[in-house]
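Structural characterization, general
Residue strings, one per chain:
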Amino acid sequence: MKIKLKRVFQCQNCGYASPKWIGKCPDCGAWNSFIEEVVEEEKKHTLNTMDKPQPLSLTSVELSVTDRISTGIGELDRVLGGGIVKGSLILIGGDPGIGKSTLLLQASSSIAKFGKVLYVSAEESLAQLKLRAERLKINLPDIFLLSETSVERIIECARQDDFAAIIIDSIQTVYTEDAVSAPGSVSQIRESATKFMHLAKTTAVPVFLIGHVTKEGAIAGPRVLEHLVDTVLYFEGDRGYAYRILRSVKNRFGPANEIGVFEMTGMGLDEVTNPSLLFLSEHANSSGSVVTATIEGTRAILTEIQALVTPSNFGMPRRNFIGVDYQRVNLLVAVLEKRGRLNLQGADIFMNVVGGLKITEPAQDLAVVSAIVSSFRDTPLPEGVVVFGEIGLSGEVRAISQTEIRLREASRIGMKVAIIPKSNMERLKDTFRLRIKGVRSINELIEIISS
């Protein structure tokens, strides 16, 4: 039977198909993302009436205890929700050289205690993998290396033995014979990931997929790739910093948005078990510097927000924010000008979150405003003060969630004073050995900073 092929233009970001090239994808809005691909025409499948699926009652479904495999790295186990679930498909993305391959090779040495590990590299030779393993001082007979790009050959090799885990490095460089397009294209990534998913579910062997990222920071390939897998992990952090943050964006077997903190050394990635002390290790009590407590997954982390407010020498003031949402900070600056009567229109404002951490929750509004006011007035906050709370457009300070978790972490680190929303203060059951000040508006906050 002759296979019918057709040429279409597919968006490499979302998979949208068009019969002709267009500049902007109408589905995801990406520019210049269409590439011509050769695909097979869809075949019409007839349903065999003898094999009808039989639904089960909710009460008749039995649950089994989910076994997890420890990676031997506490921060990685935390992000995965307590360990690796058997038969799961895990996608890890990050910038080139940030430590994806290093982390999984280190995890392989601990997983090898439970059985054999198959590390498949489509980008490096076996000699290159051996050199990396020697640098990490890993030399175990139960870690098997394979340099292969064909998905069918990889799966055939994986089914010949009982493996405790399989690592694919990377999903963009392997190809399957069922798709006629080039490796890294939408159809190749989708078909290859589907085959690895079937391998994981039928053999109960966890499969790790390493994915490249685009210049925007998203995993290269269609969004359907993230929908296929069970867990999506992202490496964050600039390669100029020694610290790496592994964040779970999606996790079917644990909490999402959980983070693990690592330090890149010459011997690989070392886990940081106390991130709060790390981010505050060089905290200086100066104007524009404020300590805040943010919730990452299931734990609170204390970090430092720095602001610098200076008169502008240009007609248009400069605004540069790193680690915080640009639009959110601009909104808070407008609230300070309108409700707090601060003249910030002609001032350059720069802001940075120490350590490369990215904060997106609204609970950091109060700390952002405190840093701006402190720098504008050139008045540092007292030593040992932690600030958090949400601010509305009318300048009111709104209640936030998980206040006690934040205060407990602040007390453990040794903070002395906490400035929080007044409404949260009234609901507290414990003070956690902290002197707590409640504020209802940004004007009350400005009075505290100025006093």
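Heads up: the structure comes first, above all this text.
All values reported here derive from a predicted model rather than from experimental measurement.

With respect to the helices, strands and loops of the structure, Arg-247 is situated in strand S12 (residues 243-251). A polar contact of 2.8 Å, which involves the side chain of Arg-247, links it to the side chain of Glu-236. Engagement of the side chain of Arg-247 in a polar contact is seen with the side chain of Asn-257, the distance being 3.0 Å. Setting aside chain neighbours within four positions, we find Arg-247 in contact with Val-79, Val-232, Leu-233, Tyr-234, Glu-236, Asn-257, Glu-258, Ile-259, Glu-296, Leu-357 and Lys-358.

On to the side chain of Ser-248. Its location among the elements puts Ser-248 in strand S12. Among the polar contacts listed, one links the side chain of Ser-248 to the backbone oxygen of Pro-255, at a separation of 3.3 Å. Beyond its immediate chain neighbours, meaning those up to four positions away, Ser-248 contacts Val-79, Val-232, Leu-233, Pro-255, Ala-256, Asn-257 and Glu-258.

This part takes up the sheet that holds strand S14 (residues 268-271). Taking strand neighbours across the sheet as the criterion, the nine strands line up as S8-S7-S9-S10-S6-S11-S12-S13-S14 in an open arrangement whose pairing is mixed. Only two strands of the sheet have a single partner each, and these edge strands are strand S8 (143-147) and S14. This sheet shows a mean twist of 25° between the axes of neighbouring strands, independent of strand direction. Pairing geometry for strand S6 (residues 89-93) and strand S10 (residues 207-211), over five bridges, is parallel. Across the sheet, Leu-89 pairs through a bridge with Val-207, a residue of S10. Packed onto the sheet, helix H3 (residues 126-135) meets strand S7 (116-121), S8 and S14 and runs at close to 145° relative to S8. Its contacts with the sheet place helix H4 (residues 151-159) against S7, S8 and strand S9 (163-169), and it is angled at close to 165° to S9.

The next subject is unusual backbone geometry. Residue Asp-169 is joined to Ser-170 through a cis peptide bond whose omega torsion reads 10°. Checked against the element boundaries, Ser-170 lands in the loop between S9 and helix H5 (186-203). Of note, the phi angle at Asn-32 is positive, near 50°, even though the residue is not glycine. Its place among the elements puts Asn-32 in the loop between strand S2 (17-18) and strand S3 (34-40). Note on Asn-32: relative accessible area 59%, which makes it exposed.

Turning next to the pattern of salt bridges. The final tally for this structure, using the stated rule, is 16 salt bridges. Residues Lys-116 and Asp-161 are paired through a salt bridge, measuring 2.8 Å at the closest nitrogen-oxygen approach. Taken together, the residues span a long stretch of sequence, with Lys-116 in strand S7 and Asp-161 in the loop between H4 and S9 at a distance of 45 residues. Across the pair Asp-365 and Arg-328 runs a salt bridge whose closest N-O atoms are separated by 2.5 Å. Of the two residues, Asp-365 sits in helix H9 (residues 365-377) while Arg-328 sits in helix H8 (residues 326-338), which places them 37 residues apart along the sequence.

Moving on, we get to the pairing of S7. Across the six residues of S7, five count as buried, placing the element largely inside the fold. For S7 and S8, the ladder comprises five bridges, and the chain directions are parallel. Bridge pairing links Leu-118 to Phe-144 in S8. Handedness of the S7-H3-S8 crossover: right-handed.

What follows concerns the nonpolar core. Counting 45 residues, the largest nonpolar core has Ile-305, Leu-336, Met-351, Leu-366, Ile-372 and Val-387 as the members making the most contacts within it. Considering each element in turn, this core owes the most residues, seven residues, to H9. Discounting chain neighbours no more than four positions away, the residues touching Ile-305 are Gly-288, Ser-289, Val-290, Thr-292, Met-351, Asn-352, Val-353, Ile-359, Ala-367, Val-368 and Ala-371.

Contact pair H9 / helix H12 (residues 442-450): the axes reach a minimum separation of 10 Å and the direction vectors enclose 45°. Judged by the inter-axis angle, H9 sits oblique to H12. The handedness of the crossing between H9 and H12 is right-handed. Side by side, H9 and H12 meet where Leu-366, Val-369, Ser-370, Val-373, Ser-374 and Arg-377 of the first sit next to Leu-445, Ile-446, Ile-449 and Ser-450 of the second.

Definitions and limits used
Residues numbered from 1 in each chain as written. Predicted model: local features only at pLDDT ≥ 70, side-chain atom pairs only at ≥ 80, totals over all residues. Heavy atoms only, no water. Helix = DSSP H or I, 4+ residues; strand = E, 2+ residues; numbered from the N terminus. Polar contact = N/O pair within 3.5 Å; in protein donor to acceptor, adjacent residues only side chain to side chain. Contact = heavy atoms within 4.5 Å. Pairing = 2+ DSSP bridges. Axes fitted to C-alpha atoms, helices over the stretch in contact; angles between N-to-C directions. Buried < 20%, exposed > 50% of the residue type's maximum accessible area, 1.4 Å probe, protein only. Salt bridge = Lys/Arg side-chain N within 4 Å of Asp/Glu carboxyl O. Right-handed = clockwise from strand over helix to strand, strands pointing away. Core = buried A, V, L, I, M, F, W, Y, C linked by side-chain atoms within 4.5 Å. Parallel < 35°, antiparallel > 145°, perpendicular 65-115°, else oblique. Left-handed = near helix turned anticlockwise from the far one by under 90°.

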